[in-house]
Each structure stands twice: as C-alpha cells, then as structure tokens.
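Below are the chains, spelled out letter by letter.
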Amino acid sequence: MLLTFVLVGAMLPGCSKKEEEPEPAVVEEEPAAEEPAEPEVVEEPEEVIPENQNLLTGVPDLSEEAIGKRPVAVMVNNIPAAMPQYGVEEADIIFEIPVEGDQTRFMALYADYTKVPKVCAIRSCRAYFPAISQGFDAFYVNWGIDESMGDYIAALGLNQYDGMYNPGGLFGRDQDRINSGYALEHTAYFDGTKFASYVQSEGTRTDLQDDKKDTAFKFNGLEEQVKPTGGDCSRVDINFGAQSAALIYDEQSNTYKKENSGEPQIDGNTGDQLAFTNVIVLETSITVRDDVGHKDVDWSGGNDAVGYYISNGGMQKISWYKQDNNEQDRIHLYDEDGNELSINRGKTYIAFNYPNQTEFQ
C-alpha cells in the first residue's frame, strides 16, 4: 500500500494542467490620417451677352430689326463754319481725319441702320474714309467724291449713297440753314429715317458678312469700367493743323466731352455736347498728294504704329494696325505687352493724325 501511494504521488505532477499561455495584447491601430480635401473650385458663371448687343459700342441697345445687320457710315462736314451739326450725337463711333488744308471731316458710324437720324451737314468722300468703313461692312453715305480717286473708290465695291444723285430722295438742302446765311456746302442733309425702307425696297444686302458678326473691338465686361494703366488723363488736345479737337473728362458722366477749335461741339438737334466713353488717337503718315491739297493717309498702321487709348480718367500707349492693302480688315488695337486691347463699352471717338501733335493732361 505504501508503494501504491508513492507511485500515485509520483504521477500527480504529470497530470496537472499546463499553465495557460497569456493571450497576446490587442494593439488598437490609430485611424489613418484623412487626405486634405481639395478646395472646391467655384466657376464664375460665364457672362451672358444679350443678343441685341451693339457691335460698335458693346451696349445692348439695338432694335430687334437691326440684330446682325450692317451699320451705316455717313460723311459729315466738321469745319467751324458748318457748326452746329445735327444727328451726330446718335453716332456710335466717330472718326475725325484731316482733309485739304488740314481742316477735318467726320465719318459717323451708326450700328442700327433702322434708327439713323436726319444728319447735317453732309460732305464729300475722301478715299481713306471708305477704306476704313469697309472694315465694318458698312453702307457708305456722302455728297460728292474726290474725283481723282474715283476709280479706286469704285473698285472697293461700296454700297454707296451719294447726294449728288439723291437716290430714293434721301438727300436735300436744309432751307432753315439757307435762310440763316449758311454757305450752300454747309446745308446738305441725309434723311436717315428713310434709309432702312429704301435699302429694303432695293433688295440690297442688309445682313453682315460672316466675318463681321463679332464686335468691332474687344470689350470689357458689361458692368466693368476699367481705367487704362498708363496714368491719369483728364484732357486730350489734338492739333490737326488748321483745326483742333479737345476732349475733356467729365467725372459725373464718365465721358470725355468734345470741343472743336476751342468751342464745345454741340448737336444742333439735342443741344448736347458730343461725349465719348473712349478716345483713341492713332498716329500715322499724312501727306499732300496733289496741287489741290488732297491727302494720302496711311490707314494700315503696323507693329510700330503708335496710338493712345484714353478712358475713365486714364490713358495708355498702344499699337495698331489694319492689314496693308486690305480694306476689309478691321483696326486692331494692342497694349504695350502685345495683348489685344480691351476697351470700355460705350461710344468711341477715333482720330487719325500726324505724329507728336497730341498732348495729354
């Protein structure tokens, strides 16, 4: 029995449970760091330009009948003896360029061919004016031409309306002016109120050419008024020779009001002084061509052609060109960095003049 107890005691340790192995510690993983969210890109809504945008001013004021239609270019007497003109305040762009004796002449452009007013005093054509108007695909209105350039003008293929022949009874003499003592050459008028119906009755093309259906210039936004970057400018004085023009900034209207040879230039119908959102001076070569004093004006410019853009109380130097020997091309404007110039929306005055005859204050 003793032996039995000894044997049983010896066996007991072998029958005891193994010590339980400790369970491995559970290590909680830290959550992965979140990727930084990319900033949400909010796209500015594209500016919607109204269908009735005036292609000459950028202002949405065209009548429905004039959308996609050709503008009208009208030659206007501009010497002091012919003042006041009338019907010129409604023009969207006015070009002023020297003619014989360094007097100047206007070419007034109206975007809405259905709303051209009665305009006085109408004057004759000089070749460089239609060379510019063709870039706008415009109807061309004048009273007489420079006969020495008749073949060139005919070759341009203008839709031309000349008071010498009075098509459609569109032209006449202002009897009140005659009675007031104006010289006969300062009394001719063009009745633009009849123009649309006459053109339509003749079956003349009124739709703009496909390459002229965009705006005449690159415009700033509809609600933008951008000041040119070259410095302040409250007054522009242009010396054409026998005549001068001054454009004086009016902060209240944000326009430049025009003087002609020292006198306010007034529209005789409205009594308002001519005023422009934009003033552009293009310096170019102007030479005398013949004994009469007719001019040759370089209307094509080039990469080194100097100009100035004035608006909103400021000015900057620019360059300009219109492709050489291509009357159908528009005038292109660039800043000094070679970027296409953007201008403010509104009426524009453009002077072609001799170099270094413009002062800015």
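Residues numbered from 1 in each chain as written. Predicted model: local features only at pLDDT ≥ 70, side-chain atom pairs only at ≥ 80, totals over all residues. Heavy atoms only, no water.

Colleague: Residues and numbers for unusual backbone geometry, please.
Modeller: With an omega of -5°, the peptide bond running from Met 83 to Pro 84 counts as cis. On the secondary structure map, Pro 84 appears in the loop between strand S1 (72–77) and strand S2 (93–98). With an omega of 10°, the peptide bond between Cys 120 and Ala 121 qualifies as cis. Counting through the fold element by element, Ala 121 comes out in the loop between strand S4 (118–120) and helix H2 (128–133). Although it is not a glycine, Asp 137 sits at a positive phi angle of roughly 55°. Among the secondary structure elements, Asp 137 is positioned in the loop between H2 and strand S5 (139–142). For Ser 261, which is not glycine, the phi dihedral falls at a positive 50°. Tracing the chain through its elements places Ser 261 in the loop between strand S12 (255–260) and strand S13 (263–264). Classification of Ser 261 as partly exposed rests on a relative accessible area of 32%. (Helix = DSSP H or I, 4+ residues; strand = E, 2+ residues; numbered from the N terminus. Buried < 20%, exposed > 50% of the residue type's maximum accessible area, 1.4 Å probe, protein only.)

Colleague: Lay out the sheet that holds S2 with the relevant residues and their values.
Modeller: The strands making up a sheet associate through backbone hydrogen bonding, with each pair oriented either parallel or antiparallel. Reading across the sheet, the ten strands line up as S6-S5-S1-S3-S2-S22-S15-S18-S19-S20 and stay open at both edges, with mixed pairing between neighbours. In the strand order of this sheet, the two ends are held by strand S6 (160–162) and strand S20 (332–334), each with one partner. The mean inter-strand angle of the sheet, taken between neighbouring strand axes irrespective of direction, is 25°. In this sheet, strand S18 (residues 301–311) lies alongside strand S15 (residues 278–283) in antiparallel orientation, the contact comprising five bridges. Bridging across to S18, Val 281 finds its partner in Tyr 308. (Pairing = 2+ DSSP bridges. Axes fitted to C-alpha atoms, helices over the stretch in contact; angles between N-to-C directions.)

Colleague: Which residues make up empty space enclosed by the protein, and what are the values?
Modeller: Gaps left between atoms show up when a probe the size of a water molecule is rolled over them. Across all of its chains, the model carries one cavity of 30 Å³ or more by this definition. Lining the largest cavity we find 14 residues, and of these Leu 55, Leu 56, Lys 69, Pro 71 and Leu 208 sit closest to its centre. Among the residues forming the lining of the largest cavity, the class breakdown is nine nonpolar, one polar and four charged. (1 Å grid on protein atoms, 1.4 Å probe; cavity = no way out; pocket = protein on both sides within 12 Å on 5 of 7 lines; lining within 4 Å. Points joined across faces, edges and corners; volume = space filled by probe spheres on them. Nonpolar A, V, L, I, M, F, W, Y, C, P; charged D, E, K, R; others polar.)

Colleague: Residues and numbers for the sheet that holds strand S8 (residues 188–191), please.
Modeller: A sheet is described by the order of its strands in space; here three strands give the open sequence S4-S8-S7, paired in antiparallel fashion. The two strands at the open ends of the sheet, each matched to only one other strand, are S4 and strand S7 (171–173). Sheet twist, expressed as the average angle between the axes of neighbouring strands with direction ignored, equals 25°. Bridge count for S7 against S8 is three bridges, and the pairing is antiparallel. Looking at the pairing, Arg 173 lines up with Ala 188 of S8.

Colleague: Talk me through the pattern of salt bridges; I want residue IDs and the actual numbers.
Modeller: Within the structure shown, the criterion is met by 16 salt bridges. Close ionic contact of Lys 295 with Asp 102 constitutes a salt bridge, the shortest N to O distance being 3.0 Å. Taken as a pair, Lys 295 in strand S17 (residues 295–297) and Asp 102 in the loop between S2 and strand S3 (104–110) lie far apart in primary sequence, 193 residues in all. For the pair Lys 295 and Asp 102, a shared accessibility class is recorded, and that class is buried. In this structure, Arg 330 and Asp 214 form a salt bridge, with 3.0 Å as the shortest nitrogen-oxygen distance. Separated by 116 residues along the polypeptide, Arg 330 in the loop between strand S19 (314–321) and S20 and Asp 214 in the loop between helix H5 (195–202) and strand S9 (218–219) bring together distant segments of the chain. Residues joined by salt bridges that share partners form a network here, namely Asp 146, Arg 289, Asp 290 and Asp 296. (Salt bridge = Lys/Arg side-chain N within 4 Å of Asp/Glu carboxyl O.)

Colleague: Talk me through the confidence of the model for the chain; I want residue IDs and the actual numbers.
Modeller: When the pLDDT values of the chain are averaged, the result is 91; 88% of them are 70 or greater. Long-range and interchain partners of residues 1–20, a stretch whose pLDDT sits below 50, account for zero contacts in this model, where long-range means more than four residues apart. (pLDDT = per-residue confidence, 0-100. Contact = heavy atoms within 4.5 Å.)

Colleague: Report on the environment of Ile 145, specifying residues and quantitative values.
Modeller: By secondary structure assignment, the location of Ile 145 is in the loop between S5 and helix H3 (150–155). Separated by 19 residues in the primary sequence, Ile 145 and Arg 126 place their C-alpha atoms 6.4 Å from one another. Ile 145 has contacts with Ser 124, Cys 125, Arg 126, Gly 150, Gln 160 and Asp 162, leaving out every residue within four places of it along the chain.

Colleague: Could you give me a rundown of a negative patch on the surface, with the residues and numbers involved?
Modeller: On the surface, Glu 46, Glu 47, Glu 223 and Glu 224 cluster together into a negatively charged patch. Topologically, Glu 46 is positioned in the loop between helix H1 (2–15) and S1. Here Glu 46 falls in the exposed class, since its relative accessible area comes to 72%. (Patch = residues over 30% accessible without salt bridge, like charges linked within 9 Å, V, L, I, M, F, W, Y side chains within 5 Å. Areas by Shrake-Rupley, 256 points an atom, 1.4 Å probe, with all protein chains shown as cover. Lys, Arg positive; Asp, Glu negative; His and termini not counted. Charge placed at Lys NZ, Arg CZ, Asp CG, Glu CD.)

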